[in-house]
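# Structural description and commentary
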Amino acid sequence: QVQLVESGGGLVQAGDSLRLSCAASGRSFSTYMMAWFRQAPGKEREFVGRITWSRTTYYADSVKGRFTISRDNAKKMVYLQMNSLKPEDTAVYYCAADTNGDAYDYWGQGTQVTVSS
């Protein structure tokens, strides 16, 4: 079984930066597709970005140019560097893993990011 634990969330002001971390277990972490999602109050969960085993990345238009996903396979860690934060970025951020190439079958507990204006 895969366990994912996010950390690094907090309360910041618009324009600030935060770095979220996702610590993962799992025998074959280096092969997993990893992704970040977020859910704002009163809204559905939305896709933020993903990173493949080869470190190819893809981002939602809303965060492109501001957020960067990276991974350290030796440490079994995934990161989300968030720059130029906006109040609209306020949400619970979730780390997710696709271990079979079909769906995101494992999720972390989430970490709260609050951006004040």
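Up top is the structure.
Report on the accompanying structure. Bear in mind that the values here come from a model prediction, so they are computed numbers and not experimental data.

The subject of this paragraph is the sheet that holds strand β1 (residues 4–7). Read across the open sheet, the 4 strands follow the order β1-β3-β8-β7; overall the sheet is antiparallel. Each of the sheet's edge strands pairs with one partner strand only, and the pair in question is β1 and β7 (67–72). Between one strand and the next, the sheet's axes are offset by a mean angle of 15°, whatever the strand orientation. Pairing between β1 and strand β3 (residues 18–24): 4 bridges, direction antiparallel. From the neighbouring strand, Val5 faces β3, where its bridge partner is Ala23.

Here we come to the environment of Tyr32. Mapping Tyr32 onto the fold places it in the loop between β3 and β4 (33–39). Distance from Tyr32 to Thr99, taken between C-alpha atoms, is 5.0 Å for residues 67 residues apart in sequence. Beyond its immediate sequence surroundings of up to four residues, Tyr32 is in contact with Val2, Ser25, Gly26, Arg27, Ile51, Thr52, Trp53, Arg71, Asp98 and Thr99.

Considering all chains together, one arrives at 6 aromatic pairs under this definition. Site record: aromatic cluster; members linked through ring pairs are Phe37, Phe47, Tyr58, Tyr104 and Trp107. The ring of Tyr94 carries the charged tip of Arg45 above its face, separated from the ring centre by 5.9 Å. One Lys or Arg, Arg45, reaches over the ring of Trp107 and ends 4.6 Å from the middle of that ring.

Our next topic: the environment of Ala91. Checked against the element boundaries, Ala91 lands in strand β9 (residues 91–98). Residue classification places Ala91 among the buried residues on the basis of a relative accessible area of 2%. Taking the C-alpha atoms as reference points, Ala91 and Ala40, 51 residues apart in sequence, are found 4.1 Å from one another. For Ala91, the residues in contact, after removing those within four places along its chain, are Arg38, Gln39, Ala40, Thr111, Gln112 and Val113.

Criteria and cut-off values
Residues numbered from 1 in each chain as written. Predicted model: local features only at pLDDT ≥ 70, side-chain atom pairs only at ≥ 80, totals over all residues. Heavy atoms only, no water. Pairing = 2+ DSSP bridges. Helix = DSSP H or I, 4+ residues; strand = E, 2+ residues; numbered from the N terminus. Axes fitted to C-alpha atoms, helices over the stretch in contact; angles between N-to-C directions. Contact = heavy atoms within 4.5 Å. Phe/Tyr/Trp six-rings, centres within 6.5 Å; stacked < 30°, edge-to-face > 60°. Lys NZ or Arg CZ within 6 Å of the ring centre and 35° of its normal. Buried < 20%, exposed > 50% of the residue type's maximum accessible area, 1.4 Å probe, protein only.

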